[in-house]
Each structure stands twice: as structure tokens, then as C-alpha cells.
Amino acid sequence: MSHPDRFLLAGVMGWPVMHSRSPKLHNYWFAHYGLAGTYVPLAITPEGLEAALRALAPLGYFGCNLTIPHKERALAIVDAVDPVARRIGAISCVVVRPDGSLAGSNNDGYGFVHSILQQQPDWRADAGPVAVMGAGGGARAVVYSLAERGAREIRLCNRTVARAQALEREFGAPVRAAAWDDRHAALDGAAMLVNTTSQGMIGQSPLDLALDRLPTHALVCDIVYVPLETPLLAAARRRGNRTVDGLGMLMHQARPAWQAWFGIDPEVTLALRAMLEARI
Ligand SMILES: NC(=O)c1ccc[n+]([C@@H]2O[C@H](COP(=O)([O-])OP(=O)(O)OC[C@H]3O[C@@H](n4cnc5c(N)ncnc54)[C@H](OP(=O)(O)O)[C@@H]3O)[C@@H](O)[C@H]2O)c1
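What counts and what doesn't
Residues numbered from 1 in each chain as written. Predicted model: local features only at pLDDT ≥ 70, side-chain atom pairs only at ≥ 80, totals over all residues. Heavy atoms only, no water. Buried < 20%, exposed > 50% of the residue type's maximum accessible area, 1.4 Å probe, protein only. Helix = DSSP H or I, 4+ residues; strand = E, 2+ residues; numbered from the N terminus. Arc of directions from axis to C-beta. Contact = heavy atoms within 4.5 Å. Polar contact = N/O pair within 3.5 Å; in protein donor to acceptor, adjacent residues only side chain to side chain. Near = heavy atom within 4 Å. Areas by Shrake-Rupley, 256 points an atom, 1.4 Å probe, with all protein chains shown as cover. Nonpolar A, V, L, I, M, F, W, Y, C, P; charged D, E, K, R; others polar. Pairing = 2+ DSSP bridges. Axes fitted to C-alpha atoms, helices over the stretch in contact; angles between N-to-C directions.

Student: Can you lay out helix H2 (residues 49-59) for me, pointing to particular residues and giving the numbers?
Tutor: Every buried residue of H2 is listed here: Leu49, Ala52, Leu53 and Leu56. Seen along its axis, H2 keeps its buried residues to an arc of 100°; they face one direction. Exposed side of H2, more than 90 degrees from the buried face: Ala51 and Pro58 are the residues found there. Elements in contact with the buried residues of H2: strand E1 (8-14), strand E3 (63-66), strand E5 (93-96) and strand E6 (102-105). At the C-terminal side of H2, glycine 60 shows a positive phi close to 85°.

Here's what the structure looks like:
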């Protein structure tokens, strides 16, 4: 599909939104593929979300991404929600359909899995127990995608244990909620550790997690990408664990969005990563 007669217009709605790296990412692809288009940051208040989404079609947008705090609220606004977004409980991508109606999807789990596969092609979700720290919005997509890929045991530790228990009820097996105090023990024999908390992000404390019990063959992933190497990833690398940072998830979730908006499958390359890394 191509659109020779239309300016390729998309954006990201958030509040705040200026921290988002998405405009850099998408505008790189417009330039790289020589396309007439742009991707803009849209600072939209929670109260303004419905009107902003309804304005996409008349303004000529092909769609938009959603970031904090809009991902859950949009479920009640769009005209159709795909089963993955419904299951995750959040919308990360809105597509304006030819009749102007809005379809919501969620590509965060796709981004998480394909980021790992690009860097660790032999990775398997069912290689052994997976310890996931955090039970917020990012965790929902991570847990969903791990379960989809066949993970048999997901040890889910969250500071507020009730949120982990809610995810256990919602997703059923293989999720097992664990108390925050038990997070160190949750690493025993794990094949993989994923941080989905905001700990380790710039301006936040490092994730308080002792890695002693984590096997050195385990893969360690962080979905935080500012900084690129979080204290958790640095500690894991020093003791010999393989690591995957959060930037790949951001880059890979954007590919299905381009397919849905513009009918193009853009490439996640080392040059794209280097450009984004230089701006983190
Ligand atoms: N790479 C990507 O594409 C991508 C995608 C999504 C998110 N992210 C990043 O992932 C991080 C989390 O985002 P989110 O949307 O999931 O946020 P969220 O829904 O607000 O969840 C935050 C999580 O962090 C936990 N947390 C916060 N402060 C903590 C503390 N002091 N000690 C222990 N746990 C703490 C929360 O636990 P409680 O439930 O106890 O509050 C919750 O589990 C952010 O840094 C975000 O930028 C990256």
C-alpha cells in the first residue's frame, strides 16, 4: 500500500509528552525512506483525550501512539479494540480507518519480544522460570507476551503485591504473584529476569535487587531505556549475564504501527539505534 497523494502524518499523545523519543524514531524513518511525512509530539490532557482522538481523522492523521497516562483510558474511546490490546488492557497504537473510525491495538509486547529476538536469536520464553519485577502498564505487555511465547512460570514481584495478584488472576497460569520481600529469592534458577518497574530510570533510585541467586546464564532485560544501561543491567553485565536494554522494545513496537498506518515495514538497524542512543 502506498499513499502518493497524502502527507504521512502521525504522532504520539501523552501528558507530558516532550520526553518521548518516538518523534526522533519515526522522523528518522521518513527521512531514511525519502517519504513526505512527519510524526509530532501531541501534549494532550486526560480531559482532552477523546476530542483529540476524534480530531485525528479530520486533521488527516493516519493514527497515533499513546503514552502515559492515556493507554488505558483510550480503551473506552476508540471504536474497535483488537484482542491483544483487550487482553493487555491498554492501547499503545490508534489507527484511523478509511471511514474515519478508530481502531486500537497494542504493540508493546511485540516490541519486547522482537527486541530480544533481534539481539538473542536463540532466546526462548520457555527456557526456564522468568522473574518479572513490577506489575504496572509495561509489565502487562511483558507478561502477556511471555505467556504467549510459552513461558511456563512467570514469578511476578511487585512492591504493591495486590497489583501482582490482580495480574495473576487475570492471566492465570503461568503467572505466580510474589511478595516484594521475596524478589531476591525469585531469581533462584531463573532463565530470565525482566525489570518493568520505573526503578533505575533517570531521576529514580536503582532497582533494589540482589542478583546473587540469579544464574549467570540467565538473560537480564530492562524495559527502562533512559539511561540505556540501567544500574541493573550494568550489575548483570559485570557478573557475566547477557543483557537486553529497553531501547529495542521502543524501536520494535513502532514497526507494526507503520505497517498499520502506512503499509510499510520499516527496518530496525544499527544506524537507527546509534541515532537514538546519541539522543538519550
Ligand atoms: N522500552 C519501552 O518501550 C517501554 C514501554 C513501556 C514502559 N517503559 C518504561 O517502563 C517503566 C515503567 O513504566 P509503566 O508504564 O509500567 O509505569 P507504571 O504503570 O506507573 O508502573 C510502575 C511500576 O514501577 C513500580 N515502582 C515504582 N516505584 C517503585 C519503587 N520505589 N520500588 C519498587 N517498585 C516501584 C510500581 O510498583 P507499584 O505498583 O507498587 O506502584 C509499578 O510496578 C518506565 O520507566 C517506562 O519508561 C518502557
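More follows now that the structure is in view.
Student: Can you tell me about the side chain of asparagine 106, naming the residues and giving the values?
Tutor: Along the polypeptide, asparagine 106 turns up in the loop between E6 and helix H4 (108-119). What makes asparagine 106 buried here is its relative accessible area of 6%. A distance of 2.9 Å separates a polar side-chain atom of asparagine 106 from the backbone oxygen of alanine 90. Within the structure, asparagine 106 has its side chain in polar contact with the backbone nitrogen of aspartate 108 (distance 2.9 Å). Setting aside residues no more than four positions away along its own chain, asparagine 106 makes contact with Asp82, Val84, Ala85, Ile88, Ala90, Ile91 and Ser92.

Student: Describe the environment of cysteine 93, naming the residues involved and giving the relevant values.
Tutor: Along the polypeptide, cysteine 93 turns up in strand E5. C-alpha of cysteine 93 to C-alpha of alanine 257: the two residues are 164 residues apart in sequence and 6.6 Å apart in space. Those residues within four positions of cysteine 93 in sequence are excluded, and the remaining contacts are Cys64, Asn65, Ala103, Gly104, Ser105, Asn107, Ala257 and Trp261.

Student: Now, about the site of the ligand: what can you tell me, with residues and values included?
Tutor: Close contacts around the ligand come from 22 residues, with Gly138, Asn158, Arg159, Thr160 and Arg163 the closest. The side chain of arginine 159 places a nitrogen or oxygen atom 2.8 Å from an oxygen atom of the ligand. When the ligand sits alone it has 930 Å² of accessible area, and the protein chains cover 78% of it. Considered class by class, the residues forming the shell around the ligand number nine nonpolar, 11 polar and two charged.

Student: How would you sum up the sheet that holds strand E10 (residues 192-195)? Please name residues and give values.
Tutor: The strand order across the open sheet formed by six strands is E9-E8-E7-E10-E11-E12, and the pairing between neighbours is parallel. Each edge of the open sheet is held by one strand with a lone partner, namely strand E9 (175-178) and strand E12 (242-244). Neighbouring strand axes in the sheet, compared pairwise and without regard to direction, differ in orientation by 20° on average. For strand E7 (residues 130-133) and strand E8 (residues 154-157), the ladder comprises four bridges, and the chain directions are parallel. Bridging from a neighbouring strand, valine 130 pairs with isoleucine 154 of E8. Across the sheet, helix H7 (residues 231-238) is in contact with E10, strand E11 (219-222) and E12; its angle to E11 comes to roughly 165°.

Remember that the coordinates give geometry; whether it matters functionally is a separate question.
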